[in-house]
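Given next are the chains, with one letter for each unit.
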Amino acid sequence: MTTQTAAFEIVELTPAYAAVAAALHQTGFEECWDETAICDLLAVPGAFGLLAFVPQGNLFKGETIVSDMPLGFVLVQTVLDEAEINTIVVDAKARRHGVGNVLMQGVFARLQNQASTRLLLEVAIDNAAAIALYRKLGFAEIGRRRGYYRRKDRPAVDALVMERV
Ligand SMILES: CC(C)(COP(=O)(O)OP(=O)(O)OC[C@H]1O[C@@H](n2cnc3c(N)ncnc32)[C@H](O)[C@@H]1OP(=O)(O)O)[C@@H](O)C(=O)NCCC(=O)NCCS
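Since this is a predicted model, take the numbers as computed values, not measurements.

**Student:** Can you tell me about the nonpolar core, naming the residues and giving the values?
**Tutor:** The biggest cluster of nonpolar side chains holds 33 residues, and the ones touching the most others in it are Ile85, Leu103, Val107, Tyr134 and Phe139. Among the elements of the structure, strand E3 (47-54), strand E6 (69-79), strand E7 (82-90), helix H3 (99-112), strand E8 (118-124), helix H4 (128-136) and strand E10 (154-164) are those that each provide at least two residues to this core. Counting residues per element, this core draws most heavily on H3, at 6 residues. With sequence-adjacent residues up to four places away left out, leucine 103 is seen in contact with Ile10, Leu50, Leu51, Ala52, Gly72, Phe73, Val74, Ile88, Val89 and Val90.

Listed below in structure tokens is the structure:
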């Protein structure tokens, strides 16, 4: 199933797109995941992912896209009545155009059809963009993990644990 938006579409992230997802992940994280890591996460029972892309011929940022352009993806793990955002990333060149929001709306729609009642995530306390996105989407802080994210050449930072309430 695809979801048409003004400029881009959301499709299921399958292992066939693992290389695309790995390239996107590199644009957002110091510790990036390769194709194998993404395939391994997708293979866990209860996992799913969504991929956003601009179809060839559509306009994005005022330009006509000449071949399908990946924009970002989200990976989710569900376990019984709980779901967790494993990762979400939007290509650095495509941020602040609503892609993250549309990916998360896709997750909410998907979870509505499943038994998941709680949606949780962890986010570094220095990640202002992601925290702003999550707050806007109704997530609230429910805990903190000390020194959860290791950083290159810098002290580790805490993670906020957030739940959509
Ligand atoms: C977090 C991330 C996924 C957001 O994706 P995005 O496509 O840029 O987000 P959207 O354009 O849908 O933004 C939706 C809302 O989130 C908030 N937001 C997003 N980026 C923001 C920023 N840099 N500063 C402040 N608010 C921001 C805003 O409220 C925004 O709405 P607005 O543009 O109408 O003001 C993107 O910044 C990213 O990939 N970051 C690197 C990877 C990462 O940190 N992932 C999260 C790990 S927990």
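**Student:** Account for the pattern of salt bridges, naming residues and giving values.
**Tutor:** Considering all chains together, one arrives at 10 salt bridges under this definition. For lysine 93, the salt bridge is made with aspartate 91, and the minimal N-O distance between the two is 3.4 Å. For aspartate 91, a relative accessible area of 12% translates into the label buried. In this structure, the salt-bridge partner of arginine 146 is aspartate 158, at a minimum N-O distance of 2.8 Å. Separated by 12 residues along the polypeptide, arginine 146 in strand E9 (residues 139-151) and aspartate 158 in strand E10 bring together distant segments of the chain. Because the salt bridges share partners, they merge into one network encompassing Glu141, Arg144, Arg146 and Asp158.

**Student:** Outline the packing of aromatic side chains, supporting the account with residue identities and numerical values.
**Tutor:** In this structure the tally under the stated criterion is 4 aromatic pairs. For the pair phenylalanine 8 and phenylalanine 60, a centre-to-centre distance of 6.3 Å together with 80° between the ring planes defines the contact as edge-to-face. Taken together, the residues phenylalanine 8 in the loop between strand E1 (3-4) and strand E2 (9-12) and phenylalanine 60 in strand E4 (residues 59-60) connect sequence positions 52 residues apart. For phenylalanine 60, a relative accessible area of 7% gives the class buried. Taken together, the aromatic side chains of Phe108, Tyr134 and Phe139 make up a single cluster linked through ring pairs. Lying over the aromatic face of phenylalanine 48, arginine 110 brings its terminal NZ or CZ to 4.2 Å of the ring centre. The cationic tip of arginine 164 hangs over the ring face of phenylalanine 108; the distance from NZ or CZ to the ring centre is 3.5 Å.

**Student:** Summarise the layout of surface pockets; cite the residues concerned and give the values.
**Tutor:** Put simply, the largest pocket is a space of about 1,400 Å³. Forming the boundary of the largest pocket are 38 residues, of which Phe29, Ile88, Asn127, Ala130 and Tyr134 lie nearest the centre. For the lining of the largest pocket, the elements supplying multiple residues, two or more each, are E7, H3, E8, H4 and E9. By residue number, the principal contributor to the lining of the largest pocket is E7, which donates 7 residues. Here the lining of the largest pocket is composed, by residue class, of 18 nonpolar, 9 polar and 11 charged. The residue makeup of the lining of the largest pocket includes at least three contributed by each of domain 1 (3-116) and domain 2 (121-165).

Procedures and definitions
- Residues numbered from 1 in each chain as written.
- Predicted model: local features only at pLDDT ≥ 70, side-chain atom pairs only at ≥ 80, totals over all residues.
- Heavy atoms only, no water.
- Core = buried A, V, L, I, M, F, W, Y, C linked by side-chain atoms within 4.5 Å.
- Buried < 20%, exposed > 50% of the residue type's maximum accessible area, 1.4 Å probe, protein only.
- Helix = DSSP H or I, 4+ residues; strand = E, 2+ residues; numbered from the N terminus.
- Contact = heavy atoms within 4.5 Å.
- Salt bridge = Lys/Arg side-chain N within 4 Å of Asp/Glu carboxyl O.
- Phe/Tyr/Trp six-rings, centres within 6.5 Å; stacked < 30°, edge-to-face > 60°.
- Lys NZ or Arg CZ within 6 Å of the ring centre and 35° of its normal.
- 1 Å grid on protein atoms, 1.4 Å probe; cavity = no way out; pocket = protein on both sides within 12 Å on 5 of 7 lines; lining within 4 Å.
- Points joined across faces, edges and corners; volume = space filled by probe spheres on them.
- Nonpolar A, V, L, I, M, F, W, Y, C, P; charged D, E, K, R; others polar.
- Domains from an automatic or database assignment.

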